[in-house]
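Summary of structural features
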Amino acid sequence: MEVTQENFERVLPTFKDLLDGCTFLAMDLEFTGLGMNRNLDYYDTLQERYTKLSATAKSFTVSQVGVALFTWDGDCGYQVHAYNFYVFPRPFKSWDKRFTCQASSMTYLAEHNFDFNKFFRDGISFLPLSEKEKIRKSIEEPNDRGHISLSKTDKEYLEHVKSVVSAWRDGNEQTLELDSSNSYQRLICYQALERFPPLQGDHVGFYVEKAVDERNRTFLKLTRASAEQIKSWKDNVQEQKRQELEFAAGFSRVFEMISRAAKPVAIHNGMLDLAYMAENFVMPIPDAWSDFKDCISSMFPGGIADTKYVVHSEFSSLVGNGTSLAELYQRLVTDAETMEGFFDSLGTSAHWKMNFSFAEDSSAYGEAEPGKLAHEAGYDAVMTGCLLAQLLRMLQLKSGEKPALGMEPSLMHGLPHVGRIFVGQSDHPYANVFGEDPVVDRSHLFYLQNLPQNVGISDVRDLCKTCQLGSVGISLLGRDRRIAQVVVQDMSIHSFHDIVRMLKQRCPWSDCHVDSYHSYQEHQLRSPTGKRSGDHVRSPLSASKRPRRAGATADFATQTFAIPPHNKGPVASSSGGCVLM
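The sections below set out a description of the structure shown in this document. Note that the coordinates shown come from a computational prediction; the quantities given were computed from them, not determined experimentally.

Scoring rules and cut-offs
Residues numbered from 1 in each chain as written. Predicted model: local features only at pLDDT ≥ 70, side-chain atom pairs only at ≥ 80, totals over all residues. Heavy atoms only, no water. Axes fitted to C-alpha atoms, helices over the stretch in contact; angles between N-to-C directions. Helix = DSSP H or I, 4+ residues; strand = E, 2+ residues; numbered from the N terminus. Parallel < 35°, antiparallel > 145°, perpendicular 65-115°, else oblique. Left-handed = near helix turned anticlockwise from the far one by under 90°. Contact = heavy atoms within 4.5 Å. Nonpolar A, V, L, I, M, F, W, Y, C, P; charged D, E, K, R; others polar. Pairing = 2+ DSSP bridges. Buried < 20%, exposed > 50% of the residue type's maximum accessible area, 1.4 Å probe, protein only.

Further remarks concern the packing of helix H2 (residues 46-59) against helix H10 (residues 271-282). Where H2 meets H10, the axes come as close as 9 Å, and the angle between the chain directions of the two elements is 50°. By the angle class used here, H2 and H10 are oblique. Crossing hand, H2 versus H10: right-handed. Along the contact surface, H2 presents Leu53, Thr56, Ala57 and Lys58, while H10 presents Met271, Leu272, Ala275, Tyr276, Glu279 and Asn280. Residue composition of the contact of H2 with H10, by class: six nonpolar, two polar and two charged.

Here it is as structure tokens:
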């Protein structure tokens, strides 16, 4: 189902009901840019990789969000309700998001029939929940405007206003219009009228509101009213502001519903998607990778499974190099030949293949040729969810289980993969947003620092030949390219300590020093320009205030992905770690 600003409010109640009843959901995003992937380094730390991806998420914006809800329906398999939300960051109050567009990404979207009018003109508004919370507090608890220093001209103007208002109060006219030439004059008028001496006896008071005349000029309108009428007016104004805020929050309300529902969430190659979700719909993302992990674990208390990581870790021999979402969907979900081969290898039959039935408003996705609608967020979410369901069944069969026909795939088999996000172009097997990250062996990396300006890769290669290090990979790092990273391909030729000793002894550059990977990282952290953990941040969503559904405490009987025991969990730390409200 396509959802824009026009039908969003009508769709939302049904979406919430289906969300609350679904087994799991899948999400996918489209963006106005993907950043500069050539800046990614194979040996980035996870903090370095996150810093690069977060810069992308801060620079661009989300243009489309796909959400597919999967509900187990016995012998029929899963029933699928899919939503394709067009979103656009419409300005509201002081929030006016700036974003850029990358020509290659916009061209790519156009080639895949993306409707830019629905993005810019009809896109559902959204506010980060942190911004929504800030505005809500200003509505519920309006701050005193404070004292404004007035010039002589200002004082003369206000004396005139007071005399006009006093004369009006002594008369019988129901309303009074005060001309003001600019917003500053209206502000000091508000301040003066708030402190206007109260009338005694049976006289009524008045309330002040901003109005616009037929020539589009703004003025202040005073209306006589009793105390009860003034209170009623103030209550109506507050309620109107709340409704305006809810409308401006738009799609962020959907994201809040998803978080509160605590359902398992499927993504595909989703590291960048998670950064975009947090930055656009929750809060400005923190600088530190560890803080970001705390935010994500709180945003998705039902758990996250990255289908690309599951395929790479469990079924890479079955699929080969083709691990794009469309390729995997075709091979593992729709291609009978591939699945029959897998089932035959386990001594089972192909009746274990998952079945999916699509709701009427999502039937176009079910009837589409595999991959034909790829890169429409709603369809990509469908492919991701179907892929997760099939992978869960495959993991179940791979473990030796032979479930009864019509039995739902157990999420228990997804437990080892929960929170593990695929990291491309890296030796990290995954990034764990729900626990400890894997430790990778980089003892074969060495660094030559403080090289002379005229030293190039060929000079460093000559040094490595002198040390007889065998096959090596060499890169120049840093803005001034005065750091050489040497990757020794075969550590069996020399020991680690011998390599360090030879590089130090035979290095022809007097000011150069040699570091292991560990020493180099320590040096980077001590450097004024090194990566440091950012200040702890607090998300606008709080796990402590989230109404928990029965059995949602990491219990697989309720079909909720459990957070592994070593995870810190969505609880505020004493240092103010990120949690959801």
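From this point, the narrative continues.
The subject of this paragraph is the sheet that holds strand E16 (residues 513-516). Sheet strands associate in pairs through backbone hydrogen bonding, adopting either a parallel or an antiparallel arrangement. Taken in spatial order, the four strands make up an open sheet running E14-E15-E13-E16, and their pairing is antiparallel. For this open sheet the edge positions go to strand E14 (472-477) and E16, each flanked by a neighbour on one side alone. Strand-to-strand twist across the sheet, computed as the mean angle between neighbouring axes with direction ignored, equals 20°. As paired strands, strand E13 (residues 445-449) and strand E15 (residues 483-488) are joined by four bridges and run antiparallel to one another. Following the sheet pairing, tyrosine 447 is matched in E15 by glutamine 485.

Secondary-structure assignment places aspartate 20 in helix H1 (residues 8-21). Assessed through its relative accessible area of 39%, aspartate 20 is described here as partly exposed. Taking the C-alpha atoms as reference points, aspartate 20 and alanine 261, 241 residues apart in sequence, are found 6.1 Å from one another. Other than its neighbours up to four places away in sequence, aspartate 20 contacts Ala261 and Lys263.

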